[in-house]
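Residues per chain are reported as follows:
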Amino acid sequence: MYVSQSPTALMYLAKFLATMISIYSFLIWIRVIFTWVRIPGQMMENPLLTFLKKIVDPYLNWFSPLTGLKRSNFDLTPLAALAVLSIFQSILRMYGSYGRLTIGMVLAMIVQTLWGYLVSPLFWFIMIILVIRLIFCYRRSPNTMHYIRMLDSIDGSLLNFVGRTFFAGKTVNDRTIVWTSTIFYFVAYLICKYLVGLLISFLVRL
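Residues numbered from 1 in each chain as written. Predicted model: local features only at pLDDT ≥ 70, side-chain atom pairs only at ≥ 80, totals over all residues. Heavy atoms only, no water.

Quick notes on the overall build of the protein
Link 1 in the chain: Assigned secondary structure in the protein consists of six helices and two strands.
Link 2 in the chain: Taking 206 residues into account, the globule formula puts the C-alpha radius of gyration at 17 Å, and the protein, at 22 Å, lies well above it.
Link 3 in the chain: Residue burial in the protein is summarised as follows: out of 206 residues, 34% are buried.
Link 4 in the chain: Long-range contacts, defined as pairs at least 24 residues apart, comprise 65% of the intrachain contacts of the protein with a sequence gap of at least 6.
Link 5 in the chain: When the accessible area of the protein is evaluated, it comes to approximately 13,200 Å², of which 69% is carbon and sulfur surface.
Link 6 in the chain: Here the protein contributes 18 positive and 6 negative side-chain charges, whose respective centroids are spaced 9 Å apart. (Helix = DSSP H or I, 4+ residues; strand = E, 2+ residues; numbered from the N terminus. Rg over C-alpha atoms; globule rule 2.2 N^0.38 Å. Buried < 20%, exposed > 50% of the residue type's maximum accessible area, 1.4 Å probe, protein only. Contact = heavy atoms within 4.5 Å. Areas by Shrake-Rupley, 256 points an atom, 1.4 Å probe, with all protein chains shown as cover. Lys, Arg positive; Asp, Glu negative; His and termini not counted. Charge placed at Lys NZ, Arg CZ, Asp CG, Glu CD.)

Okay, structure coming up:
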């Protein structure tokens, strides 16, 4: 257990900077939501969106080269940007509260943040896409083929990986591949979550 010491100027500064990062992260979330929501009939860009672009886009642009987080119409690079901010925010808050940091504490916060902001959301994104794909397997029609092709542009490499791993040289139907992929990535998520918990517990004791 870490006991907080008498507040110093640096501790107050750390708390202030952590608050500023929290506000900036909130602005990024608003910016992201604006990209998802379009007001019908709106011809001119929202002034608030224009203001937010000037503030947060220069920072978000640093993460644009992370093409691995971009799939079709989905851009998950803002999650990476938020994860980095969260790491610094957690470090500043920890120092602002206790006046000290250890390498183990910092590493634990980095692992926890990367899991919470990047890896875990990616797992859930994959599983949601696979569940939707599975539903379309049982409701196949000319109208749904367009959506199946759109989903396959996102999860095609994931399905191919499972197919090569478990059904190499075998002929299996679409439903079997999707079912196996859904179960595989759900089990992988549970295993990773358990291992991350063990790693964090180990790091905080360093």
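Some words on the nonpolar core
Link 1 in the chain: Ranked by size, the top nonpolar core spans 22 residues in total, and within it Ile-28, Tyr-59, Leu-60 and Leu-118 carry the most contacts.
Link 2 in the chain: Sorting elements by how many residues they give to this core places helix H3 (residues 77-98) first, with six residues.
Link 3 in the chain: One finds Phe-123, Ile-126, Leu-134 and Tyr-185 within the second-largest nonpolar core, a separate group that totals 19 residues. (Core = buried A, V, L, I, M, F, W, Y, C linked by side-chain atoms within 4.5 Å.)

Some points on helix H5 (residues 145-166)
Link 1 in the chain: Taking 1.5 Å per residue as the helical rise, H5 with its 22 residues ought to reach 32 Å, whereas the 26 Å between its terminal C-alpha atoms falls clearly short.
Link 2 in the chain: By the largest-angle criterion, Asp-155 marks the main kink of H5, which is about 65°.
Link 3 in the chain: By the burial criterion, the buried members of H5 are Ile-148, Leu-151, Ile-154, Asp-155, Gly-156, Leu-159, Val-162 and Gly-163. (Expected span 1.5 Å × (residues − 1). Bend = angle between axes of the 7 residues up to and from the residue.)

Observations regarding the side chain of Thr-182
Link 1 in the chain: In this structure, Thr-182 sits in helix H6 (residues 174-203).
Link 2 in the chain: A residue is classified by how much of its surface remains accessible, and Thr-182, at 13% relative accessible area, is buried.
Link 3 in the chain: Looking at Thr-182, its side chain comes within polar contact range of the main-chain oxygen of Val-178, at 2.8 Å.
Link 4 in the chain: Excluding residues that lie within four positions of it along the chain, Thr-182 makes contacts with Leu-130 and Val-131. (Polar contact = N/O pair within 3.5 Å; in protein donor to acceptor, adjacent residues only side chain to side chain.)

So, the pattern of salt bridges
Link 1 in the chain: Throughout the structure, instances matching the rule amount to three salt bridges.
Link 2 in the chain: The shortest N-O distance in the salt bridge between Arg-31 and Asp-57 comes to 2.8 Å. Note that Arg-31 is positioned in helix H1 (residues 9-36) and Asp-57 in helix H2 (residues 47-60), a separation of 26 residues in sequence.
Link 3 in the chain: What makes Asp-57 buried here is its relative accessible area of 16%. (Salt bridge = Lys/Arg side-chain N within 4 Å of Asp/Glu carboxyl O.)

Things to note about the confidence of the model for the protein
Link 1 in the chain: Here the protein averages 84 in pLDDT, and 90% of its residues register 70 or above.
Link 2 in the chain: Looking over the protein, one finds the lowest element-wise mean pLDDT in strand E1 (residues 70-71), namely 70, and the highest in H6, namely 94. (pLDDT = per-residue confidence, 0-100.)

What about the packing of helix H4 (residues 103-138) against H6?
Link 1 in the chain: Where H4 contacts H6, the two axes come as close as 10 Å, and the packing angle between them is 165°. When the axes of H4 and H6 are compared, the pair comes out roughly antiparallel. With respect to the hand of their crossing, H4 and H6 are arranged in left-handed fashion.
Link 2 in the chain: Split by residue class, the contact of H4 with H6 holds 25 nonpolar, five polar and four charged. (Axes fitted to C-alpha atoms, helices over the stretch in contact; angles between N-to-C directions. Parallel < 35°, antiparallel > 145°, perpendicular 65-115°, else oblique. Left-handed = near helix turned anticlockwise from the far one by under 90°. Nonpolar A, V, L, I, M, F, W, Y, C, P; charged D, E, K, R; others polar.)

Side note on the packing of aromatic side chains
The description of an aromatic ring pair rests on the distance of the ring centres and on the angle between the ring planes.
Link 1 in the chain: Using the criterion set out here, one finds 10 aromatic pairs in the structure.
Link 2 in the chain: Arranged with centres 5.8 Å apart and planes meeting at 65°, the rings of Phe-123 and Tyr-189 form a pair that is edge-to-face. Of this pair, Phe-123 sits in helix H4 while Tyr-189 sits in helix H6, placing them 66 residues apart in sequence.
Link 3 in the chain: For Phe-123, a relative accessible area of 13% gives the class buried.
Link 4 in the chain: Judged by relative accessible area, Tyr-189 falls into the buried class, the value being 8%.
Link 5 in the chain: Summarising the aromatic geometry, the rings of Phe-166 and Phe-184 are spaced 5.6 Å apart at their centres and angled 70° between planes, so their arrangement reads as edge-to-face. (Phe/Tyr/Trp six-rings, centres within 6.5 Å; stacked < 30°, edge-to-face > 60°.)

Some words on the environment of Leu-195
Link 1 in the chain: Checked against the element boundaries, Leu-195 lands in helix H6.
Link 2 in the chain: Counting along the chain gives 149 residues from Leu-195 to Asn-46, while the straight-line C-alpha distance between them is 44 Å.

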